Amino acid sequence: VTGDPEFCNPDSSGSLRQSLVKKRRVRVIALPDDCVPFNPLDTKYQKNERYPPNKLDEWLEQSRLHVEDSAWVLANNAHRIECWITKEALQFVATRGDTSEWVIDSIQKWWSIHKEWTTSRFKALREHTLSALGMRFHYPPRLLEAQNNIERHILGDLDDMIGELQPNADPWKLYDLLDEWSEYEMVATKGLDLMEPMSIMLFHAFFSVKEGEAIVKAEHHRVSPYCIGAMAYHAEKEGLASLQINHIELDYRRKDYEEEALVLVQALRAGEPPKKGNKGTFVKFCSMLHSGLESE
């Protein structure tokens, strides 16, 4: 989700209308026909009578649109944006036909970071979050399959293709990579668009705000630092709400992502070698700490 979203709330029967309206552009999430109408209050989702789906109103008090403070939305947003900016960068690289050493190195390093944080996020969802959600409601198998499909593309041919790239290789390999990446972007976007509205509404129906915050906080401890950095960076750029994390750590992770990861894809687009960052240095951390204390 990019820009300021307007997520239509369920009507009195709990049915979900799937319109996301942005400040910068309009983007509609169209659920498959067999998922419409989607009602998170439908008893078919309830697993335990002790935990009825009666928490939506509590979330509405602090999140009228259900998505403003959702860490899942911020992660999906970062994932979609990275897919898009990488495809754009690869288009520039392929047009130039540049397979010089720094280009291949930047592609592989950028991919390594993207793969690291996206797979760490899906692993946290699968091994921690879904087990917690599964105690109260039946998580739709279609959503789990969408996640698995994205992971298969990350760890499949695309990973092999990037790993096998060599400096000064045939420039046509760049077009093969662009085609493979374009397919990955399509699968990821389609999967995230399916998962996002349904999983959030079910989560909010069956878990209180306090319970939800505890689950998401535990999830954050299980993901790659680059995941936090990507979420924070793109949320800030797109004008979305920030993460509920210590702001000093948040600044550090965002800066680390910007200087060590994003600089790579920016360089690929511009056609100039990336500037070296100062990842993890003591000076950098002290700078973040100083800025944080000044804002207190």
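Structure: see above.
Analysis parameters
Residues numbered from 1 in each chain as written. Predicted model: local features only at pLDDT ≥ 70, side-chain atom pairs only at ≥ 80, totals over all residues. Heavy atoms only, no water. Patch = residues over 30% accessible without salt bridge, like charges linked within 9 Å, V, L, I, M, F, W, Y side chains within 5 Å. Areas by Shrake-Rupley, 256 points an atom, 1.4 Å probe, with all protein chains shown as cover. Salt bridge = Lys/Arg side-chain N within 4 Å of Asp/Glu carboxyl O. Lys, Arg positive; Asp, Glu negative; His and termini not counted. Charge placed at Lys NZ, Arg CZ, Asp CG, Glu CD. Helix = DSSP H or I, 4+ residues; strand = E, 2+ residues; numbered from the N terminus. Buried < 20%, exposed > 50% of the residue type's maximum accessible area, 1.4 Å probe, protein only. Phe/Tyr/Trp six-rings, centres within 6.5 Å; stacked < 30°, edge-to-face > 60°. Core = buried A, V, L, I, M, F, W, Y, C linked by side-chain atoms within 4.5 Å. Contact = heavy atoms within 4.5 Å.

> Before we move on, could you go through a negative patch on the surface and cite the residues and values that matter?
The grouping of Asp157, Asp160, Glu164 and Glu183 at the surface amounts to a negative patch. You can see Asp160 is positioned in helix α5 (residues 157-163). We classify Asp160 as partly exposed; its relative accessible area is 42%.

> I'd like to hear about the packing of aromatic side chains, residue by residue, with values.
Scanning the entire structure with this criterion turns up ten aromatic pairs. Considering the side-chain rings of Phe38 and Tyr45, the 5.8 Å spacing of their centres and the 70° angle between planes classify their relative orientation as edge-to-face. Exposure remark for Tyr45: the relative accessible area of 10% places this residue in the buried category. Seen from their ring centres, Trp172 and Tyr175 are 5.1 Å apart, and the 40° between their planes marks the pair as tilted. Of the two residues, Trp172 and Tyr175 are both situated in helix α6 (residues 172-206); the distance of three residues between them amounts to about one turn of the helix. Relative accessible area serves as the criterion here: at 31%, Tyr175 is assigned to the partly exposed category.

> Explain the pattern of salt bridges to me, using residue names and the numbers behind them.
Scanning the model with the defined rule gives twelve salt bridges in all. Two residues, Arg269 and Glu88, come together in a salt bridge whose shortest N-O distance is 3.0 Å. Taken together, the residues span a long stretch of sequence, with Arg269 in helix α9 (residues 247-270) and Glu88 in helix α2 (residues 71-96) at a distance of 181 residues. For Arg136, the salt bridge is made with Glu211, and the minimal N-O distance between the two is 2.9 Å. Placement of the pair is Arg136 in the loop between α3 (101-133) and α4 (141-155) and Glu211 in helix α7 (residues 209-220), with a sequence separation of 75 residues. Under the relative-accessibility criterion, Arg136 is labelled buried at 11%. The class for Glu211 is partly exposed, based on a relative accessible area of 29%. Members of the salt-bridge network, linked through shared partners, are Arg80, Asp193 and Glu196.

> Which residues make up the nonpolar core, and what values do they have?
Core analysis: the largest hydrophobic core is formed by 79 residues, its most contacted members being Ile107 and Tyr184. Element by element, the count of residues in this core is highest for α6, at 17 residues. Each residue touching Tyr184, except ones within four places of it in the same chain, is listed here: His79, Cys83, Trp111, His114, Ile150, His153, Ile154 and Leu158.

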